[in-house]
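Residue-level structural notes
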Amino acid sequence: DLAYGLFDDASEAEQMVAAPADPPDQARKSFPNDPKYAYQWHLDQIQAPQAWQDGATGEGVVVAVIDTGVAYENHGRFKRAADLANTNLVPGYDFVGDTEHANDDHGHGTHVAGTVAAATNNLTGVSSLGYPLELIIYKVMEADGSGTDANISEAIMAAADAGARVISLSLGAVGYSQSMQDAVNYAWERNALVVAAAGNNSTNELFFPAGANYAIGVSATDSSNNKAFFSNYGDIVDIAAPGESILSLVPTYGSAYFVSNYHTLSGTSMATPHVSALAGLLAGSTANLSAAAIAQRLQQAADSTIAMGGWDPNLGYGALNAWRALSGALRQASAGGITGQVTDSAALPIENAVVSAGGQSVTTSTSGLFRFSNLTAGSYTVSATAAGFPARTLTTTAVAGADVTLTIAMGGTFGALSGTVTGSGGPLAGAAVEALSGGSIKATASTGADGQYSLSVPPGTYDVRASRMSRITSTVSGQAVAANSTTTVNLALARMGSITGLVRDLNNNLHANAQ
């Protein structure tokens, strides 16, 4: 097992807290009405108020918090945090104590959960981006903040099986973990997006699970949207979010931080739940939206000054912007990336594989992972060679402003699914297309400006599903694919409609705050 730990720095955070005697902006107190919202600079930074104004809601969407547990129930010495009293909490599990009571004996998990979905606009404590998202809690970290590969991997799979659309992990360790990669793959196949902290050592080493294929790795920013001094960087980073001096909840019964109720912490642990919350809101905005479409929208909506709207090792595709993501006001971009992993038929990574795309070549390390950054958006032929295996060639599309993620499995026989996704009478760019077998996602692609996609799959029968924000997801079932041949499947995604109106009581008076 790798030595897994938490990513916060309480001592550094305490130096930065120094909260002003009066709120910095009295106007911010109107909505939401939570008294400590005025000190939550990070919510303004990600344009949370604008997202709320546009009606963002994740009601009914489940986000898993895998951490030290959460102060979610009254059980023995443990008490439910007042600011979680109205948050819908789904029973999870304590993998450390092997019990159903995933209570927090550290404080870190409660802080993370509060950032995701503390009750908001309830005249109590802090606000959160994601309320009323539902939370399912898994305890995998000890009271001292340490954890094991096995418990974390098992919790990821349990969360996916429980129907979590987003799995938030403010923890990690240096190095590659096969059991962790297997768990992230398992979640992705079940349409759950893993979001993980990049770490706080200011290095570009491989960290897991943030660096896992199909995971979203999160670095931390300061109040100027620059990389926080402590944040890790490099290929593992997909996006960044506020991580300095983040005010949230800690247990009322005490914590490792020697305070109760509320506390300010810094770390990529604090950045990660912002991304998890927004991913949950995106999942709630469009029925049956794929994890791939959510990951793409997060990246395309981020604030960035990188040329062509491309990728950067410090912030990935930029700093999180909730309003852009939910409204569709994406930044201008013309470059994207192709990331992935080269594996054998047993899904184990292949070292020294040579992967080529767009005139670039990468030789894989023991992790089998690769990244091609800042490619002009469009169709690419990706080839891979490795000693002892036949060469593989497949076609994929680099989308503007985001990564497309692949698994290149060596040593098998493959066919292809390809076609065009249309909407409103023309080709539809930015749709996520997936091949499913037995209900599990086996391959994922994105459409380019021409609406075209290509999926490389083993011979078999597949359902082909396409989704995109604000579109009605479409599925074509029972498509047979033969070895070394291509099956064409075209899909059309209609626009979602809207229902508007007024709520009145029995006396025909307008009724405020109805749900």
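Here the residue numbers are simple positions, counted from 1 along each chain's written sequence. Note on the predicted model: pLDDT of at least 70 is required for a residue's local features to be given, and 80 or more for side-chain atom pairs to be given and counted; whole-chain, interface and lining totals, by contrast, use all residues. Note that the side-chain values use all heavy atoms of the structure and ignore hydrogens as well as water.

**Looking at the overall build of the protein**
Scanning the protein for helices and strands turns up nine helices and 28 strands. The C-alpha atoms of the protein give 22 Å as radius of gyration, which agrees with the globular expectation for 515 residues (24 Å, within 12%). Projected onto the principal axes, the alpha-carbon positions of the protein cover approximately 65 × 60 × 45 Å. Only protein chains enter the area calculation, which uses a 1.4 Å probe; residues under 20% of their type maximum are buried, those over 50% are exposed, and those in between are partly exposed. Per-residue burial for the protein yields a buried fraction of 57% across its 515 residues. Contacts are assigned to residue pairs with any non-hydrogen atoms lying within 4.5 Å of each other. In the protein, the proportion of contacts linking residues at least 24 apart, taken out of those at least 6 apart, comes to 69%. The protein chains shown are the only cover counted for residues, whose accessible areas, like all others here, come from Shrake-Rupley with a 1.4 Å probe. Approximately 19,100 Å² of the protein is accessible, and the part contributed by carbon and sulfur atoms is 48%. His residues and chain termini do not enter the charge count, which takes Lys and Arg as positive and Asp and Glu as negative. Charge positions are represented by NZ for Lys, CZ for Arg, CG for Asp and CD for Glu. Distance from the positive charge centre (21 side chains) to the negative charge centre (41 side chains) of the protein: 10 Å. The numbering of helices and of strands both runs from the N terminus, where a helix is a DSSP run of H or I of at least 4 residues and a strand a run of E of at least 2. Atoms counted for the radius of gyration: C-alpha only. Globule rule: 2.2 Å times residue count to the power 0.38.

**Describing the packing of aromatic side chains**
Two aromatic rings from Phe, Tyr or Trp, using only the six-membered ring of Trp, form a pair when their centres are within 6.5 Å; if the ring planes differ by under 30 degrees the pair is stacked, by over 60 it is edge-to-face, and anything between is tilted. Per the stated rule, a full pass over the model turns up eight aromatic pairs. Between tyrosine 93 and phenylalanine 95, the aromatic rings sit 5.1 Å apart at their centres with planes inclined by 70°, giving edge-to-face as the arrangement. Judged by relative accessible area, tyrosine 93 falls into the partly exposed class, the value being 24%. Here phenylalanine 95 falls in the buried class, since its relative accessible area comes to 14%. Ring geometry for phenylalanine 370 and phenylalanine 372: centres 5.8 Å apart, planes at 55°, overall tilted. By relative accessible area, phenylalanine 372 is classed as buried at 0%.

**So, the packing of helix H4 (residues 108-117) against helix H7 (residues 268-285)**
The geometry of a pair of packed helices is captured by two quantities: the angle between their axes and the separation between those axes. Two numbers describe how H4 lies on H7: the axes approach to 8 Å, and their chain directions differ by 35°. For the pair H4 and H7, the sense of crossing is right-handed. Across the interface between the two elements, His108, His111, Val112, Thr115 and Val116 from H4 touch Ser269, Met270, Pro273, His274 and Ala277 from H7. Classifying every residue of the contact of H4 with H7 by side-chain character gives five nonpolar, five polar and no charged. Helix axes use the C-alpha atoms of the stretch in contact, all axes being lines fitted to C-alpha atoms, and the angles between their N-to-C directions lie in the range 0 to 180 degrees. Crossings are classed by handedness, with left-handed meaning an anticlockwise turn of the near helix from the far one by less than a right angle and right-handed meaning a clockwise turn. Throughout, the ten residues Ala, Val, Leu, Ile, Met, Phe, Trp, Tyr, Cys and Pro are labelled nonpolar, Asp, Glu, Lys and Arg are labelled charged, and all others, Gly among them, are labelled polar.

**Observations regarding helix H8 (residues 291-300)**
Across the 10 residues that make up H8, a large majority, 10, are buried. Every buried residue of H8 is accounted for by Ala291, Ala292, Ala293, Ile294, Ala295, Gln296, Arg297, Leu298, Gln299 and Gln300.

**Looking at the pairing of strand S20 (residues 415-423)**
Counting buried positions along S20 yields seven of nine residues, so the element is predominantly enclosed. The rule for pairing is simple: two strands pair if DSSP sees at least two bridges between them. Taken together, the six bridges between S20 and strand S24 (residues 452-457) define a ladder with antiparallel strand orientation. Of the residues in S24, the one forming a bridge with threonine 420 is glutamine 452. Pairing geometry for S20 and strand S27 (residues 486-488), over three bridges, is parallel. Among the inter-strand pairings, leucine 417 is bridged to a residue of S27, identified as threonine 487. In terms of strand pairing, S20 meets strand S21 (residues 426-427) through two bridges, oriented antiparallel. Bridging across to S21, glycine 423 finds its partner in glycine 426. Two successive antiparallel strands, S20 and S21, enclose a turn made up of two residues, where serine 424 displays a positive phi of approximately 55°.

**Structural notes on the sheet that holds strand S16 (residues 369-376)**
In space, the three strands of this open sheet follow the order S16-S13-S19, with mixed pairing throughout. Each end of this open sheet is capped by a strand with a single partner; those strands are S16 and strand S19 (403-409). Each neighbouring strand pair of the sheet contributes to a mean axis angle of 20°, computed without reference to strand direction.

**A closer look at unusual backbone geometry**
In terms of backbone geometry, most residues other than glycine have negative phi values and most peptide bonds are trans. That bond from tyrosine 131 to proline 132 is cis: its omega, 10°, falls within 30 degrees of zero. The residue after phenylalanine 208, namely proline 209, is reached through a cis peptide bond having omega 10°. Along the chain, the position of proline 209 falls in the loop between strand S8 (207-208) and strand S9 (215-221). One non-glycine residue, phenylalanine 258, lies in positive phi territory at about 65°. A relative accessible area of 79% means that phenylalanine 258 is categorised as exposed. Even without being glycine, methionine 308 reaches a positive phi, approximately 60°. Inspection of the secondary structure assignment puts methionine 308 in the loop between H8 and helix H9 (322-327). Take methionine 308: its relative accessible area is 44%, and that puts it in the partly exposed class.

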